[in-house]
Amino acid sequence: MTGTNQETGSAGGTPLLRRYRWLMVSAALLACYALAGFVLAPWLIARELPGVIREAIGREASIGRVGINPFALTLRAEQLNVLETDGTRLAGFDELFINIEMASLVRRALVLSELRMRAPFLALVHERSGEVNLLKLLPPEPAPAPGTTTPEDALPRVVIRELRLDGGVVDVTDRALPEPFRTRVGPFAVALDELSTLPDATGRHDIAITLESGTKIAVRGELSLAPLRVGGSFRLDGPFLGTVHRYVRDQLAFDVAGGQSVVEGRFDVTEEAGGALAVAVRDLGAQVTGVTLTAATAPDFLRFAEFAITGGEIRWPALEASVQSATLRGLAVKARRERDGTLDLVGLLAPRPVAGDDAEPPATQAPSDAPAWKLRAAEAALEDFSAELTDLAPATPAVISVADLDLRLRDVGNEPGTRMPLELTAVLGGGGRLSASGSLVALPEVIVEAEVGAEGVKLAQAQPWVGELARIGIRGGALALDGRLSSDAKETLAFDGDLRITGLELEDLVKSEKLLAWQELGLDDLQFRLDANRARIVRVRLAKPFARVFIDRNQETNIGALLVEAPAATPPEPATAPLELRIGKVLVSGGDVDFTDLSLPLPFAARILDLKGEFTTIDTRSTAPSRIGLEGRVDEFGLARVNGQVRVNAPTEQADVTVIFRNIEMPALSPYTVKFAGRRIARGKINLDLRYQLEERHMVGSNRIVIDDLELGEKVPSSDAADLPLGLAVALLKDANGRIDIDMPVTGSLDDPEFGVGTVLWKAFVNLVTKLVTSPFRLLGGLIGEESDDLGRIEFSPGRSDLLPPEQEKLLRVAEALGKRPELGIGIPAVADPKVDAAALQAAKMVAAVDARMAAAGKPATGRGLEKRTRAVVEALFIESFPAEPLQEIATRFVVPPPDDPAEKPRLDELAYLDELRARIAAAQVISEADLATLGTARAAAIMADLTAEGRVAPERVRTGPRKDVEARDGEWIPVELGVAAGE
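Keep in mind it's a predicted model, so treat the numbers as computed, not measured.

Calculation criteria
- Residues numbered from 1 in each chain as written.
- Predicted model: local features only at pLDDT ≥ 70, side-chain atom pairs only at ≥ 80, totals over all residues.
- Heavy atoms only, no water.
- Helix = DSSP H or I, 4+ residues; strand = E, 2+ residues; numbered from the N terminus.
- Phe/Tyr/Trp six-rings, centres within 6.5 Å; stacked < 30°, edge-to-face > 60°.
- Buried < 20%, exposed > 50% of the residue type's maximum accessible area, 1.4 Å probe, protein only.
- Core = buried A, V, L, I, M, F, W, Y, C linked by side-chain atoms within 4.5 Å.
- Contact = heavy atoms within 4.5 Å.
- Patch = residues over 30% accessible without salt bridge, like charges linked within 9 Å, V, L, I, M, F, W, Y side chains within 5 Å.
- Areas by Shrake-Rupley, 256 points an atom, 1.4 Å probe, with all protein chains shown as cover.
- Salt bridge = Lys/Arg side-chain N within 4 Å of Asp/Glu carboxyl O.
- Pairing = 2+ DSSP bridges.
- Expected span 1.5 Å × (residues − 1).
- Arc of directions from axis to C-beta.

A.B. asks: An account of unusual backbone geometry is needed here, citing residue identities and associated values.
C.D. replies: Cis geometry marks the peptide bond from Gly186 to Pro187; its omega dihedral reads 5 degrees. Within the secondary structure, Pro187 is located in strand β8 (residues 181-196). With an omega of 0 degrees, the peptide bond between Leu443 and Pro444 qualifies as cis. Note that Pro444 resides in the loop between β20 (433-441) and β21 (447-458).

A.B. asks: How would you summarise the packing of aromatic side chains if you had to cite specific residues and measurements?
C.D. replies: One pass over the full model with this rule turns up 6 aromatic pairs. For the ring pair Phe38 and Phe71, a centre distance of 5.8 Å and an interplane angle of 40 degrees mean the geometry is tilted. Of this pair, Phe38 sits in helix α1 (residues 2-57) while Phe71 sits in the loop between β2 (66-69) and β3 (74-83), and the two are 33 residues apart along the sequence. For Phe38, a relative accessible area of 40% translates into the label partly exposed. Centroid distance Phe234 to Phe267: 6.2 Å. Interplanar angle 55 degrees. Geometry classified as tilted. Here Phe267 lies in strand β12 (residues 255-271) and Phe234 lies in strand β11 (residues 228-238), a separation of 33 residues in the sequence.

A.B. asks: Got a sec to walk through the nonpolar core? Specific residues and values, please.
C.D. replies: In terms of nonpolar packing, the biggest core is built from 52 residues, with Val540, Ile608, Val634 and Phe661 touching the most fellow members. Sequence-distant contacts of Val540, defined by excluding residues within four places in its chain, comprise Leu521, Gly522, Leu523, Ile583, Lys585, Val586 and Leu587. Val66, Ala91, Leu115 and Val170 belong to the second-largest nonpolar core, a separate cluster that totals 31 residues.

A.B. asks: How would you summarise a nonpolar patch on the surface if you had to cite specific residues and measurements?
C.D. replies: Taken together, the side chains of Leu30, Tyr33, Leu35, Phe38, Val39 and Phe71 present a nonpolar region at the surface, about 580 Å² in accessible area. Position of Leu35 among the secondary structure elements: in helix α1. Judged by its relative accessible area of 53%, Leu35 is exposed.

A.B. asks: Please set out the pairing of strand β24 (residues 513-529) residue by residue, giving values where relevant.
C.D. replies: Where strand β23 (residues 494-508) and β24 come together, 13 bridges link them in antiparallel fashion. Looking at the pairing, Gly497 lines up with Leu526 of β24. Between β23 and β24, which pair antiparallel in sequence order, lie 4 residues; one of them, Ser512, sits at a positive phi of approximately 55 degrees. With 2 bridges joining them, β24 and strand β26 (residues 546-551) adopt antiparallel strand pairing. When the bridges of β26 are listed, Leu516 appears paired with Ala547. For β24 and strand β25 (residues 534-543), the ladder comprises 9 bridges, and the chain directions are antiparallel. By the bridge assignment for β25, Leu521 is matched with Leu542.

A.B. asks: Break down the pattern of salt bridges for me, citing the residues and quoting the values.
C.D. replies: Pairs may arise between side chains of opposite charge once their charged atoms sit close together. All told, the structure shown has 55 salt bridges when counted by the stated rule. The closest approach of N and O atoms between Glu264 and Arg235, which form a salt bridge, is 2.8 Å. With a gap of 29 residues between them, Glu264 in strand β12 and Arg235 in strand β11 connect regions that are remote in the sequence. The salt bridge involving Glu631 is made with Arg641; its shortest N-O contact spans 2.9 Å. Linking Glu631 in strand β31 (residues 626-634) with Arg641 in strand β32 (residues 638-646), this pair joins segments that are 10 residues apart in sequence. A network of salt bridges, in which partner residues are shared, links Glu306, Arg329, Glu379, Glu383 and Arg408.

A.B. asks: Quick rundown of the environment of Ala393? Include the residues and the values.
C.D. replies: Along the chain, Ala393 falls in the loop between β17 (374-391) and β18 (398-413). Residue Ala393 is classed as partly exposed on the basis of its relative accessible area, which comes to 25%. As a C-alpha pair, Ala393 and Glu338 span 55 residues in sequence and 5.9 Å in three-dimensional space. Contacts of Ala393, omitting those with residues within four sequence positions, involve Arg337, Glu338, Arg339 and Glu468.

A.B. asks: Describe helix α16 (residues 910-923), and please don't skip the residues or the numbers.
C.D. replies: With 14 residues, α16 should cover 20 Å at 1.5 Å per step; its first-to-last C-alpha distance of 20 Å lies within 8% of that length. Taken together, the buried positions of α16 are Tyr913, Leu914, Leu917, Ile921 and Ala922. For α16, the buried positions fall inside an angular range of 165 degrees around the axis, keeping them on one side. Turned more than 90 degrees from where α16 packs its buried face, Leu911 and Ala923 sit exposed.

Below, the structure is given as structure tokens:
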């Protein structure tokens, strides 16, 4: 039995071993597989992977724990780090998990049921050289062999059931900027389901990214790789503009504050035939709120409350973009114009050049052949816009602002010829409203057509700029207009409509008085063309105007005195063609003009009320003159009238204007006559006829002044008064009826720099008065038909006061002339010549002394022995006067031989001897000032007696004056120049 069992066992062992051998082999293989999978493969990967990376990209790498489950077909790797050459981290992850499905064997594709990566990391660097670090790691593509074509690479067959990237980070650095930019994209999470490269397989994607600024980006939808199709929705939410600004701040002169952004929509990316991609974005909406731009020199110079887009759509490569609406709300801009004329906003918004960029920008940019995008918006709006401009160029900084501006455009597009309806309303900060309604064409050239309106635009807003030109203050005035405005390639600006300026009031800031004003200035049917430099106005209406016109003695006006002279360094403005102007008619009503003209011979001032009239057609192109007809009331019963014609385009070539003033009360002129003549006017009325004709720059003017019943008032001291005896001039000019009638012609060429109407008139008047008062007797002689200046000169013999017959005749003629000028009086000075008259008086005293001595001796002054007696008296008087001079010594000088016989004995020339004694005695006589005064008084009395004899001249019209020294004419005539004075 035992043997049998042993045989059986022995015999049966071999089949048993055969039976389990394949199992044992399988187990051994499985054990080897397990050993290789669990141990060897992880060890090899951990050992070889850094070397592979080093060899492939030249970067050091390290990896942590690697685990493989060969039965579950999973791989897990931890802590992969790839380092840059400087030791910084280039790429890596904390954990990688891959699960491969066995279905890969039957599907002929790599099927991953799961691919997970935790905390993936990537450093993306844009080098200063312009290269990107990752692109430098790629091996160069081999050049294709000549004559061969490169087949398109087919995608490997891969299916990933579930792909997850969690906690990923991308560090982005741009070293090409002057100041390197760094930011972190992440953490991000990517979830892809059923990602497949197999044909027509569709998966799902869900991506969430958080930026360093806190902005969140979410993308989700479906994905197909063969062919490529990506679709879904996206959303960006957060302060995204801050990151963008930080990236470009080196190129900007401002900082960005705020800016919460929300952008969302749906998108599709598809691969079309030939491999081209097509991108479509639908239902695009965007909202950016609370943005403020600020700079050190201009805090918060630009801000807006909201920028919103709705219904957006983008298609590429169709190059089409459209939105239902695009609205910018609450935009506020602050700008400043510097003293040099530059606008700070331009400098703030202009990009700065990149430091170190030496490349010169091209002078011109060649036109691009690339197709342009087609842009459309059903509506674009600017709501609640405000702007404030501070202008530092004027001496007084100015601020002009716009508030509540709303602009709305419809059917907006960039296709040529697209007409976009527009609506605009605005409120000016300084007062006034603007409106426009029309259309705009942007391409190929700008075309604007709109009905525009303005109401209540306060002109005072222009005060700072007006102050740079003139010392004028705008105290009132509002502008309104209503019409049609257009602009196109043929005409930059055209306006057709009505314009009105109401309530204007301008102040003379030098004298602090009203200068110019009106109730309304209306330009009816105004047609203005900027490029053509042409304006047409059917009618100008000027209602209740006021103007203060002041012309001083130098012909300078108050307006000219208010103009501010430009600095000498200011270059002259380039010459421009004059405006081509046509005005159908100018109507003036209810005017008030305060007119003063001190350039006239007698200063003239008048307040003209109820001024009315018209100017006929004014056309700067026509050679026909325009006619003027104006009339107004002066005071209660005075009249002012202007008539004539003037050629507007060349007034100095052709003009004929007459200005008439009638029945003007003269007491109102007292302030001006006081200033220029030192006299008030008590009463009188003046009429002026002023006519000026210009022909080819040559003026012929006639000025007639007629004054009735003029009576001068008291004298008033004035430092500005001219040294003119106005009272005397008035008395000389008044005729027997009390009227002054003066004709003063003016002629001259306007090309003469010394010629001026006022200057000529004033000089003529001064010359007239001077001539009157210096040669009044020529005027008086003219009244009686005798033209001679000698009429007023009465001559006496030296030492005498008796009137000679010729002088008596002169006085008779003077009395006759005075009868024709009843207001004139005569002044007679008491004159004497201190030399000639004194000598005559000395001789007379000598003769009187001789006569008195002879009379005292009782000797007759005639008869025999007279010569002997006279000699004795003369010698006695000489001895008394000159006791130290012996007569014998004097006589020896006059001992001469007889002239008929020089051989005879010399004898005394008694006549010459006595003449010498008399001359010495006369010279010794004392003549005092009282003696000369007595002589002058006697002469004046003689003239006065003759004039008043027989009632020729009333005694009260003749006055004698004080002692006055004169010089003898020809040594033998002592002139007494009669003076003419006003009888006051």
